[in-house]
Amino acid sequence: MHPIVKKRIIKSLVALLVLSAIFVLDNVYQNSYGRSAFFTGWILFSIMVFLLLFNLRKKLSFLPLGSAYTWAQLHIYTGILMLVLFFVHINNIPNGFFEILLTIVFISLSLSGLYGLYISRILPPRLSNQSEYVIYERIPGLREKIRKEIEIIIDESRNSLQSKALVDFYDQTLFAYLAQAEDFWRHLFNTSSVYALWNQRYSALSKYLTGDELSVMREVQKLTFQKIDIDNQQASRSMLKFWLFIHIPLSYMLLVMVVLHLMLTYSFGWGSN
Amino acid sequence: MSEQSQPVTIKKAGQWDVAFGQEMTENDVERLLKVPPFSSMDPESFPARTPLKSILLNETRIVKYEKDSIILRQGDFGSSAFLILSGSVSLVLNLDDSVLGRYQKKRKSFTQALKQWWANSDLAEVRDIQSYANKSKLMQDNDSGIEKLANADQVLGNSKTRSLKAGALFGEISALTRAQHPFSVIAENNCTILEIKWQGLRNLMNHNRDLRIHIEKLYRKRSLNDHLLSIPLLSQLNESTIKEISSKTNFQSYGSFDWHVSFKSLINKSQSSTISSEPLIVREGEYADDLIIIRSGFARVSKQYNNGHRTIGYLSQGDVFELNTLVHNVESDSHKPYQTSLRALGYADVLKIPSSVFKQYLLKEYKKSLKDNSSSKDNEFSNDMNMNALDDIDLMNFFVDNRFINGTKTMLINLDRCVGCDDCVNACANAHDGNPRFIRHGERHDKYMVANACMHCKDPVCMIGCPTGAINRSYSGEVIINDLTCIGCATCANSCPYNNIRMVNVRNDEGTLLLDEKFNPIVKATKCDLCIDQAVTPSCEYACPHDALKRIDLKDLKDIKDWAN
């Protein structure tokens, strides 16, 4: 068995064991006091605080608090545990406005976390398959470099080439495409379609060119494909960076709402049962 | 704002601003000049820039040791040679670490580490000007005390020892080869020793032929004897047998000691031209008639494949080349040639023990060890680990061609896992006053990237030529830069074959660039120090949430395989 699969199975089993223990304790609590929502609620709150501490741990990288990898693994498995516990806790479809809102925020937070986990497993191998590794902050500079290189080639071609097809193609189609990142979503979900589209465009253009013009076109085409690579890297790297801009604010929003929920529960809910 | 724009000038650090021995006086130098080998040196043969007296004053120090004091520890990295002025010392092998009382690293406590959270500067490369002014005092304060061997008679009684008397030199091999000391040195009685920084030793050798010849002779003799003793296959033999083997062993050097100079131009050439330019030690197909051991440096093991050579592994210090082929030849009548070629990667010292000597003294030991280690997965006398552990010839080529095999803490990034979150870079910056000491970018092969971070090389060529010894090895092997004594000459940065040292302009805590008396920016060399003073180490690896970054000793290729899976 692959070592990673083996590790994941062990971690999942431990998570299941913890979950089972919570269920057992929940039953005991319910049989003794008849108010299990308090039990699971406080466990959920504790888990949420623990999950929030991961962000603090990242900022305190110089303290011997355990490796970030261990924290990340605990964050993932405890987060999944929390998702299951949440549904045990609410027991039924929430009905009040605040509870519905709380549920929406919680589910959005969980989904953003699962999405983050998914893309952090899927996108890096896709990026590592590309010929060049690009640092995110250098992408605009690289795109500008390619744009300038193509611009120089086209400017030289305006007078030297007989056919105006390549120059027209640049003015009408390529110029705007090179100016900024394009096809963000297509790069994320179906990047080959972008390459196919530009292959078709150049193939169509080549019918109007001969000899030297074709070799100039191929040079421009090569640079265009480099730009597509860079756009592809930007789309994937943006996604890997910016999902946290949803996940982290949602987690703080949830913390505030849970504290309010606790206050409301203890103010108005204690005597109802 | 207007105040900030005013340049701040401080005195630029000079080569001998901080003498090696603060207590060295002119009188000491005069006394030394009456003692061999200095008494026979002609002061006129030294250039005006580095006169003999100044070398002795600034690059040596006199240290007094009481009986049983530990002068050198086996395994520590040498940066000084030692001349016995009076008394005598014992060279001792294989003393226990606990006996030697090895230093514990001075790491930051939890509270000291926490303090960095708010104490780190928001500006790049800020330095405390006061620390430069007080550097002499600081360096004296940092000198560690001399430790003594407990129960010396009992401990030394169980170990192999050799005695050196007044006038003898030791530690010169380690100092000149940037290698670990092959033995420990203990004071036999109260003795006075002149410690010579390797920069000073190099200066003395450059301008004095007799000393150069003497040291080269010692280098060959001691390197051979001591190295033979440290090889597992020979470690159980008695001294007379070692001497016998030593007298029949050929000691050959291949390539250039300053290999880094040519490496930068070689790296851009094709693999075939790179291999063909490497000095050949053994050609595939030659009759296997010697036991070949790598004394220091690295060697490429390759096999002919059509018109080129396939790298199938590499050897480093202590590794043995094709031992099985030699054993076959000494045991049977059929002659088997070497199956692979061996070439020096830049520089390699090689020991060749003739097959007749091997058969007479070592074959029995080898067979015994094979029997003892039959259950062990790795044969300690072969280099199987370096050959087969990766199962990836292209990756092996990548490590060897780029000489990454030199690294003991190479930063390897698994791009299949790296999400580019920069937590590693941020953690590094947090540990270094807001300044990251590596670049998350570098040479790539498939899913692996070797990032531009100091690899803490086995053969740290960056240390060659540092005029002040600011770049040095810590007791635990990390290559570190002393910011106080760095004069910003960039010799180390230019020597580093991997471009892992950066020169930076430094500023005060208000953000103003520091200038010297001639209004040139004060420049300092910076690089990864493996978080030597931090509570967690290395911060980069510790901070990676995806297990995508690892500091790896490329000697242990199995580690890479285990981690990658």
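Residues numbered from 1 in each chain as written. Chains lettered and ligands numbered in written order. Predicted model: local features only at pLDDT ≥ 70, side-chain atom pairs only at ≥ 80, totals over all residues.

## Some points on the overall build of chain B
So, point 1. When helices and strands are counted, chain B shows 22 helices and 24 strands.
So, point 2. Among the 565 residues that make up chain B, the fraction classed as buried is 42%.
So, point 3. Pairs at least 24 residues apart make up 78% of the contacts formed inside chain B by residues separated by at least 6 positions. (Helix = DSSP H or I, 4+ residues; strand = E, 2+ residues; numbered from the N terminus. Buried ≥ 20, exposed ≤ 12 C-beta atoms within 10 Å, placed from the backbone. Contact = placed C-beta atoms within 7 Å.)

## Remarks on the confidence of the model for chain A
So, point 1. On average, residues of chain A score 88 in pLDDT, and 96% of them are at 70 or above.
So, point 2. Element-level pLDDT for chain A is lowest in helix α1 (residues 3-33) of chain A, with a mean of 79, against a maximum mean of 94 in helix α4 (residues 97-128) of chain A. (pLDDT = per-residue confidence, 0-100.)

## As for the domain arrangement of chain B
So, point 1. We note that the domain assignment places domain 1 (33-103 + 147-230), domain 2 (239-388) and domain 3 (402-564) within chain B.
So, point 2. For domain 1 of chain B and domain 3 of chain B, the distance between their C-alpha centroids amounts to 30 Å. (Domains from an automatic or database assignment.)

## Some details on the packing of helix α8 (residues 191-206) of chain A against helix α9 (residues 211-242) of chain A
All names here are of chain A.
So, point 1. It is at 11 Å that the axes of α8 and α9 come closest, and there the two elements cross at 165°. Classed by the angle they form, the pair α8 and α9 counts as roughly antiparallel. Taken as a pair, α8 and α9 cross one another with a handedness that is right-handed. In contact with T191, V194, Y195, W198, Y202, L205 and S206 of α8, α9 contributes L214, M217, Q221, T224, I228 and N232.
So, point 2. Here the residues of the contact of α8 with α9 are counted per class, giving 8 nonpolar, 5 polar and no charged. (Axes fitted to C-alpha atoms, helices over the stretch in contact; angles between N-to-C directions. Parallel < 35°, antiparallel > 145°, perpendicular 65-115°, else oblique. Left-handed = near helix turned anticlockwise from the far one by under 90°. Nonpolar A, V, L, I, M, F, W, Y, C, P; charged D, E, K, R; others polar.)

## Concerning the nonpolar core
All names here are of chain B.
So, point 1. Within the largest apolar cluster, 100 residues are counted, with the highest numbers of intra-cluster contacts made by A299, A348, M411, I413, I471 and C540.
So, point 2. With 8 residues, the single largest contributor to this core is strand β15 (residues 341-354).
So, point 3. Sequence-distant contacts of I413, defined by excluding residues within four places in its chain, comprise C418, M449, A451, A548 and L549.
So, point 4. One finds F38, L72, V185 and I193 within the second-largest nonpolar core, a separate group that totals 37 residues. (Core = buried A, V, L, I, M, F, W, Y, C linked by C-beta atoms within 7 Å.)

## Quick look at the domain arrangement of chain A
Residue and element names in this part refer to chain A.
So, point 1. Domain boundaries assigned for chain A yield domain 1 (3-129 + 244-269) and domain 2 (136-240).
So, point 2. Between the C-alpha centres of domain 1 and domain 2 there is a distance of 45 Å.
So, point 3. Each side of the interface is counted separately: domain 1 has 5 residues, and domain 2 has 4 residues.
So, point 4. The class makeup of the residues in the side of domain 1 that touches domain 2 is 3 nonpolar, 1 polar and 1 charged.

## Some thoughts on the environment of S277 of chain B
Residue and element names in this part refer to chain B.
So, point 1. Summarising the element assignment, S277 is placed in the loop between α14 (271-276) and β11 (280-282).
So, point 2. Residue classification places S277 among the exposed positions, given that 12 C-beta atoms sit within 10 Å.
So, point 3. Distance from S277 to R440, taken between C-alpha atoms, is 31 Å for residues 163 residues apart in sequence.

## Topic: helix α6 (residues 165-179) of chain A
Residues and elements named next belong to chain A.
So, point 1. Its 15 residues give α6 an end-to-end C-alpha distance of 20 Å, which sits within 8% of 21 Å, the value for a rise of 1.5 Å per residue.
So, point 2. Considering bend angle alone, the principal kink of α6 is centred on T173 and spans about 45°.
So, point 3. Listed in full, the buried residues belonging to α6 are L166, F169, Y170, L174 and L178.
So, point 4. Buried residues along α6 sit against α5 (139-160), α8 and α9. (Expected span 1.5 Å × (residues − 1). Bend = angle between axes of the 7 residues up to and from the residue.)

## With respect to the pairing of strand β23 (residues 523-526) of chain B
All names here are of chain B.
So, point 1. Neither face of β23 is exposed, since V523 and A525 on one face and K524 and T526 on the opposite face are all buried.
So, point 2. Judged from the 4 bridges that link them, strand β21 (residues 502-505) and β23 form a sheet pairing that is antiparallel. By the bridge assignment, M503 is partnered in β23 with A525. (Pairing = 2+ DSSP bridges.)

## Quick word on the pairing of strand β17 (residues 439-445) of chain B
All names here are of chain B.
So, point 1. In this sheet, strand β18 (residues 448-452) lies alongside β17 in antiparallel orientation, the contact comprising 5 bridges. When the bridges of β18 are listed, R444 appears paired with M449.
So, point 2. If you look at the hairpin formed by β17 and β18, you'll find 2 residues sitting between the two strands, and D446 has a positive phi there, around 50°.

## Considerations on the sheet that holds strand β3 (residues 70-72) of chain B
All names here are of chain B.
So, point 1. Reading across the sheet, the 4 strands line up as β3-β8-β5-β6 and stay open at both edges, with antiparallel pairing between neighbours. The open sheet terminates on both sides in strands that have one partner only, identified here as β3 and β6 (161-164). Neighbour-to-neighbour, the strand axes of the sheet open up by a mean angle of 30°, direction not taken into account.
So, point 2. When β3 meets strand β8 (residues 184-187), the two strands line up antiparallel, connected through 2 bridges. Bridging across to β8, L72 finds its partner in V185.

## A closer look at the sheet that holds β17 of chain B
All names here are of chain B.
So, point 1. Strand order in the open sheet formed by 4 strands is β17-β18-β16-β24, with antiparallel pairing between adjacent strands. Two strands bound the open sheet, and with one partner strand each, they are β17 and β24 (549-552). The sheet shows a mean angle of 40° between the axes of neighbouring strands, direction not considered.

## Remarks on the environment of R212 of chain B
Residues and elements named next belong to chain B.
So, point 1. The residue R212 is located in helix α11 (residues 209-230) in this model.
So, point 2. When the 14 C-beta atoms within 10 Å are taken as the criterion, R212 is described as partly exposed.
So, point 3. For the pair R212 and R202, spaced 10 residues apart in the sequence, the C-alpha separation amounts to 8.9 Å.

## Some thoughts on the interface of chain B and chain A
So, point 1. Listed per partner, the contact involves 32 residues of chain B and 23 residues of chain A.
So, point 2. Looking at the side of chain B that touches chain A residue by residue, the class counts come to 16 nonpolar, 9 polar and 7 charged.

## Points about the confidence of the model for chain B
Residue and element names in this part refer to chain B.
So, point 1. Per-chain confidence: chain B averages 81 in pLDDT, with 85% of residues scoring 70 or above.
So, point 2. Here helix α7 (residues 135-142) stands out as the least confident element of chain B, with mean pLDDT 41; β21 is the most confident, with 96.
So, point 3. Considering only residues more than four positions removed or in separate chains, one finds that residues 136-144, a stretch of pLDDT under 50, has 8 contacts.
So, point 4. This model gives residues 375-385 a pLDDT under 50, and the stretch forms 20 contacts once residues within four places in sequence are excluded.
So, point 5. Two numbers describe this predicted complex: its pTM, 0.79, and its ipTM, 0.85.

## Overview of unusual backbone geometry
Residues and elements named next belong to chain B.
So, point 1. Looking along the chain, the bond that leaves P36 and enters P37 is cis, with omega of 5°.
So, point 2. Tracing the sequence through the fold places P37 in the loop between α2 (26-32) and α3 (52-59).
So, point 3. A cis geometry characterises the amide bond from T537 onward to P538, with omega recorded as -10°.
So, point 4. With respect to the helices and strands, P538 occurs in the loop between β23 and α21 (539-543).
So, point 5. Here the phi dihedral of E125 falls at roughly 50°; this positive angle occurs in a residue that is not glycine.
So, point 6. For E125, the location among the structural elements is in the loop between α5 (110-119) and α6 (129-133).
So, point 7. On the basis of neighbour counts, which here come to 20 C-beta atoms within 10 Å, the residue E125 falls in the buried class.
So, point 8. Despite not being glycine, L530 shows a phi value in the positive range, around 60°.
So, point 9. Residue position: L530 is located in the loop between β23 and α21.

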